[in-house]
Amino acid sequence: MSNYYPELSQRILEMAEGDEDFRIELTAAIYSGLSELKSVYTLGFAEKDEVKIQQIRHKIKPTLAMFDFDQLAETVQHGKEILESQGFGSAFEAHFQVFLKLTDEALNEVGRLAK
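Everything in this summary refers to the structure shown in the same document. Since we're looking at a predicted model, the values are computed, not measured.

1. Things to note about the nonpolar core
In this structure, Leu8, Ile30, Leu34, Tyr41, Phe69, Leu72 and Phe99 are the most contacted members of the largest nonpolar core, which totals 28 residues. Looking at this core, the elements with two or more residues in it are helix H1 (8–16), helix H2 (20–47), helix H3 (50–66), helix H4 (70–86) and helix H5 (90–113). Among residues more than four places away in sequence, those in contact with Leu72 are Tyr5, Leu34, Leu37, Leu64, Phe99, Leu102, Thr103 and Ala106.

2. Let's talk about the pattern of salt bridges
One pass over the full model with this rule turns up eight salt bridges. The partner of Glu36 in a salt bridge is Lys59, with the nearest N and O atoms 2.9 Å apart. One end of the pair, Glu36, is in helix H2; the other, Lys59, is in helix H3, and 23 residues separate them in sequence. Under the relative-accessibility criterion, Glu36 is labelled partly exposed at 28%. In this structure, a network of salt bridges that share partners links the residues Glu47, Asp49 and Lys52.

3. Details of unusual backbone geometry
Backbone geometry follows two general trends: most residues other than glycine have a negative phi, and most peptide bonds adopt the trans configuration. Despite not being glycine, Glu17 shows a phi value in the positive range, around 50 degrees. Along the polypeptide, Glu17 turns up in the loop between H1 and H2. Positive phi outside glycine occurs at Asp68, with the angle close to 60 degrees. The topology assignment puts Asp68 in the loop between H3 and H4. Take Asp68: its relative accessible area is 29%, and that puts it in the partly exposed class.

4. A few points about the packing of aromatic side chains
Counted under the stated rule, the structure contains seven aromatic pairs. Residues Tyr41 and Phe92 carry aromatic rings whose centres are separated by 6.1 Å and whose planes lie at 20 degrees to one another, so their mutual orientation is stacked. You can see Tyr41 sitting in helix H2 and its partner Phe92 sitting in helix H5, a full 51 residues away along the chain. By relative accessible area, Phe92 is classed as buried at 0%.

5. Topic: the environment of Asn108
Secondary-structure assignment places Asn108 in helix H5. Residues Asn108 and Tyr31, spaced 77 residues apart in sequence, show a C-alpha to C-alpha distance of 9.0 Å.

6. Considering a negative patch on the surface
A cluster of acidic side chains, namely Glu17, Asp19, Asp21 and Glu25, defines a negative patch on the protein surface. Looking at the element boundaries, Asp21 is found in helix H2. By relative accessible area, which is 55% here, Asp21 ends up exposed.

7. Focus: the side chain of Thr103
Along the chain, Thr103 turns up in helix H5. Once residues within four sequence positions are removed from consideration, Thr103 is found in contact with Leu34, Lys38 and Leu72.

Cut-offs used in this document
- Residues numbered from 1 in each chain as written.
- Predicted model: local features only at pLDDT ≥ 70, side-chain atom pairs only at ≥ 80, totals over all residues.
- Heavy atoms only, no water.
- Core = buried A, V, L, I, M, F, W, Y, C linked by side-chain atoms within 4.5 Å.
- Buried < 20%, exposed > 50% of the residue type's maximum accessible area, 1.4 Å probe, protein only.
- Helix = DSSP H or I, 4+ residues; strand = E, 2+ residues; numbered from the N terminus.
- Contact = heavy atoms within 4.5 Å.
- Salt bridge = Lys/Arg side-chain N within 4 Å of Asp/Glu carboxyl O.
- Phe/Tyr/Trp six-rings, centres within 6.5 Å; stacked < 30°, edge-to-face > 60°.
- Patch = residues over 30% accessible without salt bridge, like charges linked within 9 Å, V, L, I, M, F, W, Y side chains within 5 Å.
- Areas by Shrake-Rupley, 256 points an atom, 1.4 Å probe, with all protein chains shown as cover.
- Lys, Arg positive; Asp, Glu negative; His and termini not counted.
- Charge placed at Lys NZ, Arg CZ, Asp CG, Glu CD.

What follows is the structure, given as structure tokens:
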């Protein structure tokens with residue numbers, strides 16, 4: 001059980017309804033989505049490309065909500081607000097470090113559940 005996402009395993013099991021193959025596929029899909037979030041967000045940050053960040057934010061938002069990645073979702077929303085008000089400055093750089101930490105925690109948890 002994770003301190004970060006204590007309900008994640010149960011949520012995946014409930015959605016899989018006892019279908020082990022589906023549980024594995026669902027877990028892999030969540031992992032893939034989180035990996036894409038991290039890589040595209042990182043690329044958007046490196047290139048100072050708000051559009052890339054906006055697109056991946058919209059793509060992953062349902063997954064974050066459905067599987068209770070609340071802290072990560074709040075951080076992504078906060079990044080949106082920073083970009084809209086201040087652009088790619090020091091506040092966004094600080095946000096990006098928090099984003100990386102939370103994304104890595106989520107990836108580690110989902111990766112653990114995939115085993």
